[in-house]
Structure formats: structure tokens, C-alpha cells
Amino acid sequence: MSSLPKVDIDQPLYDQSTYLNRAKHFFLLTNPINLLASNAELEKAKRIVQDYRADKPVEVKTIEELYRYKYIYDSAFHPETGEKSIIIGRMSAQVPMNTLITGCMLSFYKTTPAVVFWQWVNQTFNAIVNYTNRSGATPIPTGQLVTSYVLATGGALTTALSLNRLVKNLHPLIGRFVPLAAVAAANMINVPMMRLQELKNGVVLLDENNNEMGVSRKAAIFGISAVVASRIAMATPGMTLTPVLINKLEAGGFLKRFPKASAPIQTLFCGFVLIFATPLGCAFFSQRAAVEVQSLEPEIQAAIKEKNPDLKTVWFNKGL
């Protein structure tokens, strides 16, 4: 056991004020290798983090090793509730899960049964991810979960099937972009609906020392809007570059000679793109989001000024 210098372990390893450092942070957080951590290793990471927070000796020798366990902990446990996340809902599962789902959506987008099945799979996965990575500890009612799931799946299917009919007689490349439109439409429904409690009740605001300063619905809107934008940004590179690649392979005759290679090529290429697109998309906005006090609800502004008249900025967990 060793006693390490004191650092704020709840702050990311890299300063989050720049996009490059946020990208480095999310490369560590979304690393698929974290999924291989056993329950024993996850519990060890949790113990190390909790002991360090409590100023107890920890079984690591360097700050770098401490942060390695902190990222393993963050990859599996909710930052506010501390509960262990379902494995496919973790951010470290984004790349492998989205590789499979996106590859299949792009490969099998022409027939109605295939569109229905893969959009259903995608929205089921999205619902799990949105619930797992919500902001705050407030439980989501079962009715709201079901409503969100049905609306998001319905929105994705309506978008995909309608656009497929519209682009049926257009250039094949245009049809390949239909899954992206469906995913974008579904994210605009799924994320806000799964996090409706935040929109109704607000999110907790903190000062620079993590003291609670109030609860704001406006901050929840800012955070959820940022998450929707990030999710669409994460999906866009793979769902735009892959159709272009496949179209070129078809035009060049490669896929005419090897038609069965289409699905594996799309899936593998999506996986390669997602390794980079996932952390880069997450990095558009810091998870610990800042908001100016003057942009909040008047009553929240007044409450914060009463507690700390000089406070200009507050922070909240926007979720992922």
C-alpha cells in the first residue's frame, strides 16, 4: 500500500478546456479494451478510487497508475450514482456495438424487413445507452422508458421507410445515406425522451469546489442538446464515408466479382472509422459542462447570487 500526492481525481487527466485534450480524455474513456476488465478488476478500480477520495492509502505507486484505474472505474460506473452500468450501455461498448449495428444498417437498407429489424436493434441499443449515461441519480419511470423507446423506434422507422420510397429512383449512393437520416431523427427523439426527468426537474449545478448551487431545467436543455449533437457527429463519419467507399467498389466492379464481401467490408470499415469518430464526437463538449449564471432561470440566478454573489459560472454533468 502507498500514499500518493493529492490530486483532484474527479478531474480528467487532461485539461478539458481544449478540444484536443477532451479527445484524449474520451479516447481513454471509450477504449473498447476496458470491456475486458473482469468484475474483480472493476471492483479493485472502484476500491482504489474510493480509498483515494477518502485520503486512505491505495495499492498503486504512481499517479499515472491511479488514473489508469480511474478510467477503468469511469468506463463502468455512473459518475453520480456510482452504480455499475450494464455492459452494452457503457461508453467503452460504443465502438464494437455500433460497428456491428451500423455495418448491418448500411448493408441491409433496401428491404423493409431488414430496415425494420436493424432500426429496432439500433433504437434498443440507443435506449440502453441513453439510460445508462443519463445525468443525475433520479430513476426514470417505466412508462417514460417505454414511451421513449416506442417514439424513437417509430421515428427512425418512419424516416427510413419514407426516405427509401422517395429515393428509390435516384442514384444508388443517395439511398445509402438513408440510414444516417434515420439515426439522426431517432437521436433527436430518443435522447430527450429518455432524459425527460432532467427536462422536468432540472440538473444539479455545482461551483468550482463541487458545492451544490441549485437545480436548473435550462442547464438540462443545454446538456441534452449537446448530447444529441455529439451522437449525430459520432454516427456521421462512418455512415457517410462507408457509402462512398462501397459506391466506388461497385463502380469499379470489385463487388460484382465478390458480392458477398460487401457486408464484411462495410462493417470492418465502420469499425475503423468509429474507433476515431466516437471519442472525437464525444469531445465536442466537455462532460462537466459549464454554463453562465446569467443564462439560467431568473429564480436560479437569484438563489446563486444569494449563496455566492461573485459566482459567474456553474458546472453540471451533461451526460454522454
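Criteria and thresholds
- Residues numbered from 1 in each chain as written.
- Predicted model: local features only at pLDDT ≥ 70, side-chain atom pairs only at ≥ 80, totals over all residues.
- Heavy atoms only, no water.
- Helix = DSSP H or I, 4+ residues; strand = E, 2+ residues; numbered from the N terminus.
- Expected span 1.5 Å × (residues − 1).
- Buried < 20%, exposed > 50% of the residue type's maximum accessible area, 1.4 Å probe, protein only.
- Contact = heavy atoms within 4.5 Å.
- 1 Å grid on protein atoms, 1.4 Å probe; cavity = no way out; pocket = protein on both sides within 12 Å on 5 of 7 lines; lining within 4 Å.
- Points joined across faces, edges and corners; volume = space filled by probe spheres on them.
- UniProt positions renumbered as here; feature names shortened; annotations may be inferred.
- Domains from an automatic or database assignment.
- Buried area = accessible area lost by both parts, 1.4 Å probe.
- Salt bridge = Lys/Arg side-chain N within 4 Å of Asp/Glu carboxyl O.

Trainee: Any details on helix α4 (residues 94–107)? Residues and values, ideally.
Mentor: For α4, spanning 14 residues, the distance from its first C-alpha to its last is 19 Å, which sits close to the expected 20 Å at 1.5 Å a residue. Counting buried positions over the 14 residues of α4 gives 11, a clear majority of the element. By the burial criterion, the buried members of α4 are Gln94, Val95, Asn98, Thr99, Ile101, Thr102, Gly103, Cys104, Met105, Leu106 and Ser107.

Trainee: Talk me through the environment of Arg217; I want residue IDs and the actual numbers.
Mentor: Here Arg217 shows up in helix α10 (residues 217–251). Taking the C-alpha atoms as reference, Arg217 lies 9.3 Å from Val204; in sequence the two are 13 residues apart. Apart from the residues lying within four places of it in its own chain, the contact partners of Arg217 are Glu198, Leu199, Lys200, Asn201, Gly202, Glu297 and Glu299.

Trainee: For the layout of surface pockets, give the residues involved together with the corresponding values.
Mentor: Over the atoms rolls a probe the size of a water molecule, and in doing so it shows where empty space is left. There is about 880 Å³ of room inside the largest pocket. Considering the residues around the largest pocket, the lining is formed by 38 residues, among which Asp10, Pro79, Gln287, Arg288 and Asn317 are closest to the centre. Of all elements in the fold, only α1 (19–29), α3 (63–76), β1 (203–206), β3 (288–292) and β4 (313–317) reach the threshold of two or more residues within the lining of the largest pocket. Of the residues forming the lining of the largest pocket, the biggest block, 7 residues, is contributed by α3.

Trainee: I'd like to hear about the UniProt feature "transmembrane region" (unreviewed entry) in the chain, residue by residue, with values.
Mentor: Those residues carrying the UniProt feature "transmembrane region" (unreviewed entry) are residues 265–285 in this numbering. Spanning residues 265–285, this segment combines 86% helix with 0% strand, and its end C-alpha atoms are found 31 Å apart.

Trainee: Which residues make up the domain arrangement of the chain, and what are the values?
Mentor: Taken domain by domain, the chain consists of domain 1 (19–84), domain 2 (92–193) and domain 3 (202–319). The gap between the C-alpha centroids of domain 1 and domain 2 is 30 Å. If you look at the interface, domain 1 gives 11 residues, while domain 2 gives 9 residues. Approximately 720 Å² of surface area, both sides summed, lies buried where domain 1 meets domain 2, with 55% of it carried by carbon and sulfur atoms. Of all residues in domain 1, Leu35, His78 and Glu80 bury the most surface against domain 2, accounting for 48% of the area lost on that side. At the boundary of domain 1 with domain 2, the tally comes to 0 salt bridges.

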